[in-house]
Amino acid sequence: MAVPDSLSRSSLRRRTPIQRTLRRRLRLLPVVPSIVLLGFFMLAPVAWSFYASFTNAALSGQAALNPQWVGLDNYARMLTDSVFPLSAWLTMVFVIASAILGQNALGLGIALLMTRSGGATASLVGTVVVASWILPEIVAAFAAYAYFSQDGTLNQLLGLFGVQGTNWLYAFPMAAVVLANVWRGTAFSMLVYRAALSQVPRDISEAALMDGARGWQRLAFITLPIIRGSIATNLMLITLQTLAVFTLIWVMTGGGPSNASTTLPVLAYQEAFKLGDIGYGTAIASVLILIGMVFGAVYVRLIRGAKP
Amino acid sequence: MTSLRRAALLAGKRPTAVGRGRLRVRLAANAALAVIGVCFVLPLAWLLLASVDPHAGYETRWPLSPSFANFAAVLTPGLLFQPLANSFLLSAGTAVVNLAAAVLAAYPLSRYQSRFNKPFLYAILFGTSLPVTAIMVPVYGLFVQLQLLDSMPATIFFMATTTLPMAIWMTKNFMDSVPLELEEAAWMDGASGLATLRRIVLPLMRQGLGVVFIFVFIQAWGNFFVPFILLLSNSKQPAAVSVFSFFGQHGAIAYGELAAFSILYSVPVLILYTVVARGSGSAFALSGAMKG
């Protein structure tokens, strides 16, 4: 990581302390382009989001030219607005059902099954699962839309068993987008857990087998505690990814019918771009950013804790 | 169950109790995986079948008269080549900006010890957790004020910034694994830091650089929301956005062409992913996040 002491000392030997500090500072010069980019395209929008959320900024009209400071009005509106609480609730349902339960459990399940199955099946299924993840988001969204639509594959399959299907995107929009997100995102958890399980020492598990531990006992008391670091990191990352999902929901249901699948990113988009209310849109975006920051802080602590 | 027994007989003439148990577990695991695999492949079946069916709808069915008519129909400059060229420009531009900034930043972070390193790396890690869809509203506002809307370069720089934190982490991890000895020798001969970076470090980590490049490229290629918001004119739209041209004005959707276009648009990233997964293990995308 660092320059060995002898080397840095020899090159700095005949310099004054000021020159030395200057030189050390100059070494950080190459980091500047990254800092400029991050400052301009990430920090500035976040700061502007918080600022604009206290104004009545709009896409067009008088407020577009000359936004007025409105204090906490936009945030107060969230509490009285009927859509925001619903949207916050749907976002929570979406994250818990599709990421924390769906992707996480299914990803772990697939990874565990892979350690017990033959190589050919494992690699074939791995490829199929990864394919839906690596596809462009819009293509995956179209495929999921077709799958759940009235004439779609799901209803054709149900038809084989004599079950009359419905248009799932209208009847059960949340269930449809949750399942679609599980389908699309499970690959990430699977890859994380495959990597984690390959690090679990074989002899520990085999010793437990000799002691007569059953399959689920070995899983609960040996395997899972060993990979708990990966589980925590994975939960953080998929939560953050799922919190930001927009395209999948927007293509499949557009947030409808009548806001029944409007998660916060979809709501922020609708308020800001469809209704032109940038002030309220940035207020919703700011809430999302704050939630992301909380999870981000926990994530950084996790990584720091894992490192000695 | 007969197939289980048959398989057990095939595996060994006299299956022991433990061996039989193992085999049963293995077969059950294979069966469960196969079921999961079928569930995952089903939504893609429509895409594949509709693309070769000139009369496709949202139904999944074996085409009555399979042909490549849909592919032929979309192989035009306006429908396919221009959007794909835009996608390429956007993704390659994003990856180049990303890689240049990440390599420059990673070098001092990897090679010199400084009080600045740790806080910076953790701040960047924190940056990876910002929901990008949430900052699109403020970014749009910012782009309007600075008159950057519909600007390809500005969109490229913004997209590069969204993946930059991850790229810096990955690049630094790859750079950390390049041994210092060769560089020390070059330093002794009086070469500057940037000269050793270019002549010694980068050539040694070119595989890692390839991984970062492809990782960023794939993300940019699949990105719909950012160009959808920041680019306005049709002539600049990448394939992710132009795909909506298959949805006609009056609800008429060219299903078959939509499917064919989707496949042609997806093939490049599938190939790129395969290249990287072959070279460095399938968990490539996680190396930056998981190594920490």
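Calculation notes
- Residues numbered from 1 in each chain as written.
- Chains lettered and ligands numbered in written order.
- Predicted model: local features only at pLDDT ≥ 70, side-chain atom pairs only at ≥ 80, totals over all residues.
- Heavy atoms only, no water.
- Helix = DSSP H or I, 4+ residues; strand = E, 2+ residues; numbered from the N terminus.
- Buried < 20%, exposed > 50% of the residue type's maximum accessible area, 1.4 Å probe, protein only.
- Areas by Shrake-Rupley, 256 points an atom, 1.4 Å probe, with all protein chains shown as cover.
- Contact = heavy atoms within 4.5 Å.
- Expected span 1.5 Å × (residues − 1).
- Buried area = accessible area lost by both parts, 1.4 Å probe.
- Polar contact = N/O pair within 3.5 Å; in protein donor to acceptor, adjacent residues only side chain to side chain.
- Salt bridge = Lys/Arg side-chain N within 4 Å of Asp/Glu carboxyl O.
- Axes fitted to C-alpha atoms, helices over the stretch in contact; angles between N-to-C directions.
- Parallel < 35°, antiparallel > 145°, perpendicular 65-115°, else oblique.
- Left-handed = near helix turned anticlockwise from the far one by under 90°.
- Nonpolar A, V, L, I, M, F, W, Y, C, P; charged D, E, K, R; others polar.
- Phe/Tyr/Trp six-rings, centres within 6.5 Å; stacked < 30°, edge-to-face > 60°.
- pLDDT = per-residue confidence, 0-100.
- Patch = residues over 30% accessible without salt bridge, like charges linked within 9 Å, V, L, I, M, F, W, Y side chains within 5 Å.
- Lys, Arg positive; Asp, Glu negative; His and termini not counted.
- Charge placed at Lys NZ, Arg CZ, Asp CG, Glu CD.

K.L.:
In this structure, what is going on with the overall build of chain A? I would like to understand it.
P.N.:
The number of helices and strands found in chain A is 17 helices and zero strands. For chain A, the proportion of its 308 residues judged to be buried stands at 51%. Of the roughly 14,600 Å² that chain A leaves accessible, carbon and sulfur atoms contribute 64%.

K.L.:
Looking at this structure, how should I read the overall build of chain B?
P.N.:
Scanning chain B for helices and strands turns up 14 helices and zero strands. From first element to last, N terminus to C terminus, chain B shows the α and β order α-α-α-α-α-α-α-α-α-α-α-α-α-α. The 292 residues of chain B split such that 51% are buried. Residue pairs in contact within chain B that sit at least 24 positions apart in sequence constitute 70% of those at least 6 positions apart. A total accessible area of about 13,400 Å² is found for chain B, and carbon and sulfur atoms account for 66% of it.

K.L.:
Mind showing me how you'd approach helix H14 (residues 228–243) of chain A here?
P.N.:
The periodicity of an α-helix, 3.6 residues per turn, causes residues three or four positions apart to be oriented the same way. A rise of 1.5 Å per residue sets the reference length of H14 of chain A, with its 16 residues, at 22 Å; its end C-alpha atoms lie 22 Å apart and thus fit the reference within 8%. Here H14 of chain A has its buried residues at Ser-230, Ile-231, Thr-233, Asn-234, Met-236, Leu-237, Ile-238, Thr-239, Leu-240, Thr-242 and Leu-243 of chain A.

K.L.:
What's the story with the interface of chain A and chain B in this structure? I'm lost.
P.N.:
Much of the literature gives interface size as the accessible area that the parts lose upon coming together. Taken together, the contact pairs 89 residues of chain A with 96 residues of chain B. Note on chain A versus chain B: buried area summed over both sides is about 8,300 Å², and carbon and sulfur give 81% of it. Here chain A and chain B share four residue pairs in polar contact (both at pLDDT 80 or more) between them.

K.L.:
Looking at this model, I keep getting lost on the side chain of Asn-181 of chain A. Mind explaining?
P.N.:
Residue and element names in this part refer to chain A. As for its position among the elements, Asn-181 is in helix H11 (residues 173–197). According to the relative accessible area criterion, Asn-181 is buried, its value standing at 5%. When sequence neighbours within four positions are dropped, the list of residues in contact with Asn-181 reads Phe-94, Ser-98, Gln-103, Thr-186, Thr-242, Val-245 and Leu-248.

K.L.:
Mind showing me how you'd approach the pattern of salt bridges here?
P.N.:
Oppositely charged side chains can form a pair if their charged atoms are brought close together. Scanning the entire structure with this criterion turns up five salt bridges over all chains. With a closest N to O distance of 2.9 Å, Asp-277 of chain A and Arg-77 of chain A form a salt bridge. You can see Asp-277 of chain A sitting in the loop between helix H16 (264–274) and helix H17 (278–306) and its partner Arg-77 of chain A sitting in helix H5 (residues 73–80), a full 200 residues away along the chain. On the accessibility criterion, Arg-77 of chain A (30% relative accessible area) is partly exposed. The partner of Lys-236 of chain B in a salt bridge is Asp-150 of chain B, and the shortest N-O contact between them spans 3.6 Å. Of this pair, Lys-236 of chain B sits in the loop between helix H11 (225–230) and helix H12 (239–242) while Asp-150 of chain B sits in the loop between helix H6 (132–145) and helix H7 (152–176); the two residues are 86 residues apart in sequence, bridging distant segments of the chain. For Lys-236 of chain B, a relative accessible area of 28% translates into the label partly exposed. Residue classification places Asp-150 of chain B among the buried positions, given a relative accessible area of 17%. Three or more residues are tied together by salt bridges with common partners; here these are Arg-77, Glu-271 and Asp-277 of chain A.

K.L.:
Would you explain the side chain of Thr-153 of chain A in this entry?
P.N.:
Note that Thr-153 of chain A resides in helix H9 (residues 153–160). Not counting chain neighbours up to four residues away, the residues in contact with Thr-153 of chain A comprise Ala-146 and Tyr-147 of chain A together with Leu-42, Trp-46 and Thr-60 of chain B.

K.L.:
Can you walk me through the packing of helix H6 (residues 83–116) of chain A against H14 of chain A in this structure?
P.N.:
In helix packing, the relevant descriptors are the interaxial angle and the interaxial distance, both defined with respect to the helix axes. Residues and elements named next belong to chain A. Direction vectors running N to C along H6 and H14 enclose 140 degrees, while the axes themselves pass 9 Å from each other. In terms of their interaxial angle, H6 and H14 are classed as oblique. For the pair H6 and H14, the sense of crossing is right-handed. Facing Thr-91, Phe-94, Val-95, Ser-98, Ala-99, Ile-100, Gln-103 and Asn-104 of H6, the residues of H14 in contact are Asn-234, Leu-235, Ile-238, Thr-239, Thr-242 and Leu-243. Of the residues assigned to the contact of H6 with H14, the class counts are seven nonpolar, seven polar and no charged.

K.L.:
Any chance you could explain the environment of Gln-82 of chain B here in plain terms?
P.N.:
Residue and element names in this part refer to chain B. Mapping Gln-82 onto the fold places it in helix H4 (residues 77–111). On the basis of relative accessible area, Gln-82 is assigned to the partly exposed category, the value being 39%. Each C-alpha atom of the pair Gln-82 and Gln-237 lies 8.6 Å from the other, and the pair is 155 residues apart in sequence. Contacts of Gln-82, omitting those with residues within four sequence positions, involve Pro-77 and Ser-235. A polar side-chain atom of Gln-82 sits 3.3 Å from the main-chain carbonyl oxygen of Ser-235.

K.L.:
Looking at this model, I keep getting lost on the packing of aromatic side chains. Mind explaining?
P.N.:
Centre distance and the angle of the planes are the two values used to describe a pair of aromatic rings. Going through the model one piece at a time under the given rule, you end up with 32 aromatic pairs over all chains. Between the aromatic rings of Phe-217 of chain B and Trp-221 of chain B, the centroid separation amounts to 5.7 Å while the plane-to-plane angle is 20 degrees, which identifies the pairing as stacked. Of this pair, Phe-217 of chain B and Trp-221 of chain B are both found in helix H10 (residues 206–222), four residues apart, which corresponds to roughly one turn of the helix. Residue Phe-217 of chain B shares its accessibility class with Trp-221 of chain B, and that shared class is buried. Through a chain of ring-to-ring contacts, three or more aromatic side chains come together here, namely Phe-142, Phe-246, Trp-250, Tyr-269 and Phe-273 of chain A together with Tyr-140, Phe-224, Phe-225, Phe-228 and Phe-244 of chain B.

K.L.:
I would appreciate a short explanation of the confidence of the model for chain B in the present structure.
P.N.:
Low-pLDDT stretches of the model should not have their predicted coordinates read in fine detail. Residue and element names in this part refer to chain B. Per-residue confidence for chain B averages 82 on the pLDDT scale, and 87% of its residues sit at or above 70. Mean pLDDT values for the elements of chain B range from 40 in helix H14 (residues 287–291) up to 92 in H11. Confidence over residues 281–292 falls short of pLDDT 50; this stretch has 32 contacts with residues more than four positions distant or in other chains.

K.L.:
What is the right way to read a positive patch on the surface from this model?
P.N.:
Together, Arg-20, Arg-24 and Arg-25 of chain A together with Arg-115 of chain B make up a region of like positive charge exposed at the surface. Summarising the element assignment, Arg-24 of chain A is placed in helix H2 (residues 17–27). With relative accessibility at 46%, the residue Arg-24 of chain A sits in the partly exposed group.

K.L.:
Whenever I open this one, the confidence of the model for chain A confuses me. Can you help?
P.N.:
Mean pLDDT over chain A works out to 84, with 93% of the residues at or above the 70 mark. Low pLDDT, under 50, characterises residues 1–12 of chain A; the predicted model gives this stretch 21 contacts beyond four residues in sequence or across chains.

K.L.:
For this particular structure, what's the right way to read unusual backbone geometry?
P.N.:
Most peptide bonds adopt trans geometry, and most residues besides glycine take a negative phi value. Residues and elements named next belong to chain A. The phi dihedral of Ser-258 falls on the positive side, at around 40 degrees, and the residue is not glycine. In this fold, Ser-258 is placed in the loop between helix H15 (247–252) and H16. Judged by its relative accessible area of 71%, Ser-258 is exposed. Look at Asn-259: it is not a glycine, yet its phi comes out positive at around 65 degrees. Here Asn-259 lies in the loop between H15 and H16. A relative accessible area of 24% places Asn-259 in the partly exposed class.

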